[in-house]
Amino acid sequence: MRRLAALLPDLAPWRASADFRLLLVQGTITVFASFMALIALPLQIKELTGSPFAVGAMGAVELVPLVVFGLYGGALADAVDRRKVIVATEAGLGLLALILLLNALLPHPLLWPLYVVAAAVSALTGLQRPALDSLLARIVPHEQQTAAAALNSLRWQVGSIAGPALAGLVVAYAGHAAAYGVTVAGYLVSVLLCRGLSPAPAAHDADKPSLRGIAEGARYAWSRPVLLGTYAIDLAAMFFAFPNTIFPFLADELHAEWSLGLMYAAGAVGSLVLGVTSGWTSRVRRHGLLVVAGATVWGAAVAAAGWSGNVWLVLLCLAVAGAGDMLSGLGRATIWNQTIPEELRGRLAGIELLSYSVGPQLGQVRAGSLAGWTGTRASIWSGGLACVASVGLLCLTLPKLLAYDAETDADALARKAQQEAAAATA
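Structure report, in brief. (Residues numbered from 1 in each chain as written. Predicted model: local features only at pLDDT ≥ 70, side-chain atom pairs only at ≥ 80, totals over all residues. Heavy atoms only, no water.)

## Description of helix α8 (residues 176–194)
For step 1, the next point in the chain: Its 19 residues place the ends of α8 27 Å apart at the C-alpha level, agreeing with the 27 Å of an ideal helix rising 1.5 Å per residue.
For step 2, the next point in the chain: For α8, the complete set of buried residues consists of H176, A179, Y180, T183, G186, Y187, S190, V191 and C194. Burial along α8 is one-sided: seen end-on, the buried residues are contained in an arc of 140 degrees. In α8, the exposed positions that point more than 90 degrees away from the buried face belong to L188 and L192.
For step 3, the next point in the chain: Looking at the buried residues of α8, the elements they touch are α3 (18–49), α5 (82–104) and α7 (145–174). (Helix = DSSP H or I, 4+ residues; strand = E, 2+ residues; numbered from the N terminus. Expected span 1.5 Å × (residues − 1). Buried < 20%, exposed > 50% of the residue type's maximum accessible area, 1.4 Å probe, protein only. Arc of directions from axis to C-beta. Contact = heavy atoms within 4.5 Å.)

Have a look at this one:
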């Protein structure tokens, strides 16, 4: 029983921080609420146009606002009260959901507002995520960052499995307007919860958001091999081994069209399994090893999925890949929150947003393009092998990532002292 208990998620951050509890509850609500719109929006575009291109164009209008506002949002998070940014953007997301609701209630819903709202949601997400992500490093004790990352990921994985299923039922049986109505209600509750967060003001000498400030954050990241390693490995893993866009073709080749939904869900299931057995990760101090091991497992499992001709083995491999991805994510989040100075945390969170958002977008382009030349399965397994090879090459190029130790790293010790000093004067 003790061994089993040691595997269960570490609840220390939940017990230690009221703000973390609020964010976890708020995040769970918004995951389910946002999935209602995420499922309903492309389905509504499909119904209005009947065009796969029109549905795919939604991704194109989302990418640029995410990049631009993600970088600006990082600078903003270092210059103003992060709680105010979170509350304002949550309210803005709720208003955008209300626009979708009103449009869906029209006798003949319009198409163009759907694209405008999709772009605006991406912009507000870019503004919000750096403030939200950087807040975690302030409200959770230094030694509990891995446990906090695991709990945060756990609520996301539960939502990513149950959310789409619930959203699909609501859209199918109650319509788009009902789904958007649930989204509006979810964001209303979220805003009320976020207003209960403690103030998170910027330093008194913080500069206004500017290109110079963004460049300062980029220079800091470039000067830290450990941080560079986390970004580079995540980008490489997603670029080479993110084959989700060609899952429909893989299901056809395996003569298992029924498995398509399971393919999309398998990674989240693997992440969830790791999440509910993540207690041991709180005792790890070599978080760079977690990043490397997780990315290697991800690439190897994706390669095995592409090589296998058995649909059940493919699903198992995709689940293992999801577990590897979460393991790597826990290592990255811990290193980020344990080493980056408070005054730069927002700007670096903006860079992190790009590292884990742009990679999958480019990875889908790579997978789809290569599949047209070499075939679906070859595109998948070759990408997985390229991921493993690139991770190995990056480890040789940036050895400090593997050597990272939370108890001896100079940046980690400085960040811990900074957090303790802030707590002592609070």
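What follows picks up the thread again.
## Thoughts on a nonpolar patch on the surface
For step 1, the next point in the chain: Taken together, the side chains of L95, L98, L102 and L105 present a nonpolar region at the surface, about 390 Å² in accessible area.
For step 2, the next point in the chain: Considering the arrangement of structural elements, one finds L102 in helix α5. (Patch = residues over 30% accessible without salt bridge, like charges linked within 9 Å, V, L, I, M, F, W, Y side chains within 5 Å. Areas by Shrake-Rupley, 256 points an atom, 1.4 Å probe, with all protein chains shown as cover. Salt bridge = Lys/Arg side-chain N within 4 Å of Asp/Glu carboxyl O.)

## Notes on unusual backbone geometry
For step 1, the next point in the chain: Positive phi, close to 55 degrees, is recorded for H255, a residue that is not glycine.
For step 2, the next point in the chain: Along the chain, H255 turns up in the loop between α11 (247–253) and α12 (260–276).
For step 3, the next point in the chain: Judged by its relative accessible area of 68%, H255 is exposed.

## Re the environment of M58
For step 1, the next point in the chain: Following the sequence through the fold, M58 ends up in helix α4 (residues 52–79).
For step 2, the next point in the chain: The sequence separation of M58 and S153 amounts to 95 residues, and the corresponding C-alpha distance is 26 Å.
For step 3, the next point in the chain: Those residues within four positions of M58 in sequence are excluded, and the remaining contacts are L41, P42, I45, Y115 and A118.

## Notes on the environment of A37
For step 1, the next point in the chain: Looking at where A37 falls in the secondary structure, it is placed in helix α3.
For step 2, the next point in the chain: Overall, A37 belongs to the buried group, its relative accessible area being 13%.
For step 3, the next point in the chain: For the pair formed by A37 and V171, sequence separation is 134 residues and the distance between their alpha carbons is 9.6 Å.
For step 4, the next point in the chain: Beyond its immediate stretch of four places on either side in the chain, A37 contacts P42, Y180 and T183.

## As for the nonpolar core
For step 1, the next point in the chain: The biggest cluster of nonpolar side chains holds 49 residues, and the ones touching the most others in it are L227, I233, M263, W298 and L348.
For step 2, the next point in the chain: Elements with a contribution of two residues or more to this core: α9 (211–222), α10 (225–240), α11, α12, α13 (287–307), α14 (311–339), α15 (345–374) and α16 (376–397).
For step 3, the next point in the chain: Beyond its immediate chain neighbours, meaning those up to four positions away, I233 contacts V291, V292, A295, V391, L394 and L401.
For step 4, the next point in the chain: Counting 44 residues, the second largest nonpolar core, distinct from the first, contains F20, A40, V87 and V191. (Core = buried A, V, L, I, M, F, W, Y, C linked by side-chain atoms within 4.5 Å.)

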